[in-house]
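Here are the chains, one letter per residue:
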Amino acid sequence: MSVQEIYDAVMEYEEEDVAELVQAEVDAGTDVEKILNEGLINALDVIGEKFSAGTLFVPEMLMAAEAVQAGLEIIRPLLVDTDIKSPGTVILGTVKGDLHDIGKNLVGMMFEGAGFKLIDLGTDVDPEQFITAAQENDAQIIALSGLLTTSMPEMEKTVAAIRKANETRNLNVKTMVGGPPVNAEFATKIGADGYSVDAPTAVDDARAFIVAGI
Ligand code: B1M
């Protein structure tokens, strides 16, 4: 039994095996970060490279994603169980036109693990849905995820709509963006308040906004 076996099972799209192997590693006390990064996420990176190279296609990419999701479900309780007092409320979603949700789900789990109240709007979320959810839940932060290059203009549109709502609709939220096509420079360019490279950093950055009094 090893983390390598988890990686291999993802590469073979063996969803049930992934769940069982992750559970076995968790039971054996293996570091969750190691299971996550070396077993699950690493495999998806290689799947992505093979997709780019044309050696596998969307159905295989989807089966690998489902296998990873099965592993994440086993890890979820370890990431989200907490007694920490809520630092604030975060609205999270993948922007319009983009259906990728594994990274977003991971970000959500880490927010929950840090005690934040999380409203996860899912994928393919349009700007108005983010704004309405923030208003209804008195949120401090809206976090946008996107994996496609075409998600970048959608993020820009969404951030612009939120900034306008901050000025005209009695909203007071900070916007954070993340995902492989974006970076800090892009975040600044579109007027977002922050960019976070990964899930733990997103939590630290959100905490910093709250501590700074938003
Ligand atoms: Co898609 N896909 N996909 N895909 N897919 C990519 C993204 C791609 C890079 C693959 C490739 O070509 N190498 C490519 C995008 C190219 C581009 O635009 N530049 C691509 C493509 C082209 C497509 C389709 C267009 C394919 C097609 O239909 N021809 C299609 C688009 C569908 C749509 O969205 N409209 C598509 C579909 C799919 C599947 C449905 C099959 C599946 C997604 C299933 C799902 O999510 N439930 C899928 C998958 C699995 C991938 C890859 C292989 C893996 C993505 C992933 O989950 N990574 C991906 C290649 C790759 O990334 N290596 C690829 C693991 C995840 C943990 O990482 O999401 O980056 P990530 O999250 C990280 C950080 O980015 C950060 O934290 C996380 C880590 O801690 N982060 C945030 C993420 N969001 C954040 C938000 C924050 C902060 C940090 O807020 C503050």
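Residues numbered from 1 in each chain as written. Predicted model: local features only at pLDDT ≥ 70, side-chain atom pairs only at ≥ 80, totals over all residues. Heavy atoms only, no water.

Engineer: Please clarify how the coordination of the cobalt atom of the ligand should be interpreted in this entry.
Structural biologist: Under ideal tetrahedral coordination, the four donors around a metal are separated by 109.5 degrees; under ideal octahedral coordination, the six donors are separated by 90 or 180 degrees. Counting protein donors around the cobalt atom of the ligand gives one, His100 (NE2), at 2.2 Å. As for its position among the elements, His100 is in the loop between strand 1 (89-94) and helix 5 (102-113). (Donors = N, O, S within 2.8 Å, 3.2 Å for Na, K, Ca; no water. Helix = DSSP H or I, 4+ residues; strand = E, 2+ residues; numbered from the N terminus.)

Engineer: Please explain a negative patch on the surface as it appears in this structure.
Structural biologist: Together, Glu12, Glu14, Glu15, Glu16, Asp17, Glu20 and Glu66 make up a region of like negative charge exposed at the surface. Among the elements that take part in the negative patch, helix 2 (residues 15-27) stands out by supplying four residues, more than any other. Judged by relative accessible area, which is 36%, Glu14 ranks as partly exposed. (Patch = residues over 30% accessible without salt bridge, like charges linked within 9 Å, V, L, I, M, F, W, Y side chains within 5 Å. Areas by Shrake-Rupley, 256 points an atom, 1.4 Å probe, with all protein chains shown as cover. Salt bridge = Lys/Arg side-chain N within 4 Å of Asp/Glu carboxyl O. Lys, Arg positive; Asp, Glu negative; His and termini not counted. Charge placed at Lys NZ, Arg CZ, Asp CG, Glu CD. Buried < 20%, exposed > 50% of the residue type's maximum accessible area, 1.4 Å probe, protein only.)

Engineer: Help me out: how do you make sense of the packing of aromatic side chains in this one?
Structural biologist: To describe a pair of aromatic rings, one takes the distance between the centres and the angle between the planes. What the rule picks out here adds up to one aromatic pair. Measuring from ring centre to ring centre gives 5.2 Å for Phe111 and Phe116, while their planes differ by 75 degrees; the resulting arrangement is edge-to-face. (Phe/Tyr/Trp six-rings, centres within 6.5 Å; stacked < 30°, edge-to-face > 60°.)

Engineer: Before we go on, may I ask you to explain the packing of helix 3 (residues 32-53) against helix 4 (residues 58-80) in this structure?
Structural biologist: The axes of two packed helices give the description: the angle between them and the distance between them. Where helix 3 contacts helix 4, the axes come no closer than 10 Å and their chain directions differ by 165 degrees. Between helix 3 and helix 4, the angle falls in the class roughly antiparallel. At the point where helix 3 passes helix 4, the crossing takes the left-handed sense. The segment helix 3 lies against helix 4, with Val32, Ile35, Leu36, Leu40, Leu44, Ile47 and Phe51 engaging Val58, Met61, Ala64, Ala65, Val68, Gly71, Leu72, Ile75, Leu78 and Leu79. (Axes fitted to C-alpha atoms, helices over the stretch in contact; angles between N-to-C directions. Parallel < 35°, antiparallel > 145°, perpendicular 65-115°, else oblique. Left-handed = near helix turned anticlockwise from the far one by under 90°. Contact = heavy atoms within 4.5 Å.)

Engineer: What exactly am I supposed to notice about helix 5 here?
Structural biologist: Working note: α-helix, 3.6 residues per turn, so residues spaced by three or four point in the same direction. Given a rise of 1.5 Å per residue, twelve residues ought to cover 16 Å, and the 16 Å separating the end C-alpha atoms of helix 5 matches this to within 8%. Burial of helix 5 is extensive: ten of the twelve residues sit out of reach of the surface. Within helix 5, the full set of buried residues consists of Ile102, Lys104, Asn105, Leu106, Val107, Gly108, Met109, Met110, Phe111 and Gly113. In the segment just after helix 5, Gly115 is the residue with positive phi, at about 95 degrees. (Expected span 1.5 Å × (residues − 1).)

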